[in-house]
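# Summary of structural features
Listed below, chain by chain, are the residues.
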Amino acid sequence: MTIELWHCSNARSFRVLWTLEEIGLPYQLHMLNFPPRVNHKEFFQENPLGTIPFLRDGTTELTESCAMVQYLGDRYGDGQVNRRADHPEYGAYVNWLHHGEATLTFPQTLILRYGHFEPDERKLPQAAADYTQWFLARLRLAEAVLSDGRSYLLTSGFSLADIAVGYAIQLAITIGLRNDLPPHIAAWFDRLAKRPAFIRSQSIERDAHLNAGYPPKKSILDT
């Protein structure tokens, strides 16, 4: 069966799109306009939460982006972009997968809500500023690890952990925090952005968004 991914431009679902391209899996992309719970009421029939991403693989359905990355890696990665349980860096691999969402993307959701998405009368500039500092402080772990000269988060090379954490950096750049990034993280993300699967995913996202007739959105390729 074909894997199906429901996706919005610049959303967490980009982690999954990039993973599918890295592994080379066939998939069907359903492009929605953000926020889907407002713009696509019919989407609740697929995902009762109305949230993006949503992944279906046969009878398997997932709603968490980093869980999708781990699932696709474990099921289809063949040990190339994932790390199996007997790999020496498996613990670090799994930790980075969850760090990307639970530690890094969480504060960004509050920055986006109270600094960008709410109407002007409901914006909370102080909250957005505080969570921006929270996010930047939580980059210390990745910056320390990358400062030892390695090219990726694991010494064994590129993995889906780089996608899980890399999306948080991608989102930070999209919302204007590029100049605030620590130097080793900035250099690491620049390496990720040169990967053919990343470039393909960005192009696929942009073309699907425009072909669906949605208003243009800024891409990381435009920054």
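From a predicted model like this one, the values you see are computed outputs, not experimental measurements.

## Examining the layout of surface pockets
The space that makes up the largest pocket amounts to roughly 870 Å³. Forming the boundary of the largest pocket are 30 residues, of which Arg12, Phe34, Thr109, Leu112 and Phe117 lie nearest the centre. Only helix H2 (36-39), helix H4 (90-117) and helix H7 (160-174) provide two or more residues apiece to the lining of the largest pocket. Top contributing element to the lining of the largest pocket by residue count: H4, with 8 residues.

## Concerning the pattern of salt bridges
If you walk through the whole model with that rule in mind, you get 14 salt bridges. In this structure, Glu22 engages Arg195 in a salt bridge whose closest nitrogen and oxygen atoms are separated by 2.8 Å. Taken together, the positions of Glu22 in helix H1 (residues 13-23) and Arg195 in the loop between helix H8 (183-192) and helix H9 (196-211) put the pair 173 residues apart, joining distant regions of the chain. Across the pair, exposure class does not vary: Glu22 and Arg195 are buried alike. For Arg150, the salt bridge is made with Asp148, and the minimal N-O distance between the two is 2.8 Å. Overall, the relative accessible area of 49% leaves Asp148 in the partly exposed class. If you follow the salt bridges from partner to partner, you end up with Glu4, Glu46, Arg56 and Glu61 in one network.

## Notes on the nonpolar core
In terms of nonpolar packing, the biggest core is built from 55 residues, with Leu55, Phe135, Ile169 and Trp188 touching the most fellow members. Looking at this core, the element that brings in the most residues is H7, giving 11 residues. Those residues in contact with Phe135, other than ones at most four positions away along the chain, are Leu104, Pro107, Gln108, Ile111, Ala168, Ile169, Ala172 and Leu177.

## A few points about H1
The buried fraction of H1 amounts to 10 of the 11 residues, a majority that puts the element mostly inside the structure. Buried within H1 we find Ser13, Phe14, Arg15, Val16, Leu17, Trp18, Thr19, Leu20, Glu21 and Glu22. Looking one or two residues past H1, Gly24 carries a phi angle of roughly 85 degrees, positive in sign.

## Observations regarding the sheet that holds strand S2 (residues 27-31)
Spatially, S2-S1-S3-S4 is the arrangement adopted by the 4 strands of the open sheet, whose pairing is mixed. What marks the edges here is a single partner per strand, and that holds for S2 and strand S4 (60-62). Averaged over all neighbouring strand pairs, the angle between strand axes comes to 15 degrees, with direction disregarded. The pairing of strand S1 (residues 3-7) with S2 spans 5 bridges and is parallel. Among the inter-strand pairings, Leu5 is bridged to a residue of S2, identified as Leu29.

Conventions and cut-offs
- Residues numbered from 1 in each chain as written.
- Predicted model: local features only at pLDDT ≥ 70, side-chain atom pairs only at ≥ 80, totals over all residues.
- Heavy atoms only, no water.
- 1 Å grid on protein atoms, 1.4 Å probe; cavity = no way out; pocket = protein on both sides within 12 Å on 5 of 7 lines; lining within 4 Å.
- Points joined across faces, edges and corners; volume = space filled by probe spheres on them.
- Helix = DSSP H or I, 4+ residues; strand = E, 2+ residues; numbered from the N terminus.
- Salt bridge = Lys/Arg side-chain N within 4 Å of Asp/Glu carboxyl O.
- Buried < 20%, exposed > 50% of the residue type's maximum accessible area, 1.4 Å probe, protein only.
- Core = buried A, V, L, I, M, F, W, Y, C linked by side-chain atoms within 4.5 Å.
- Contact = heavy atoms within 4.5 Å.
- Pairing = 2+ DSSP bridges.
- Axes fitted to C-alpha atoms, helices over the stretch in contact; angles between N-to-C directions.

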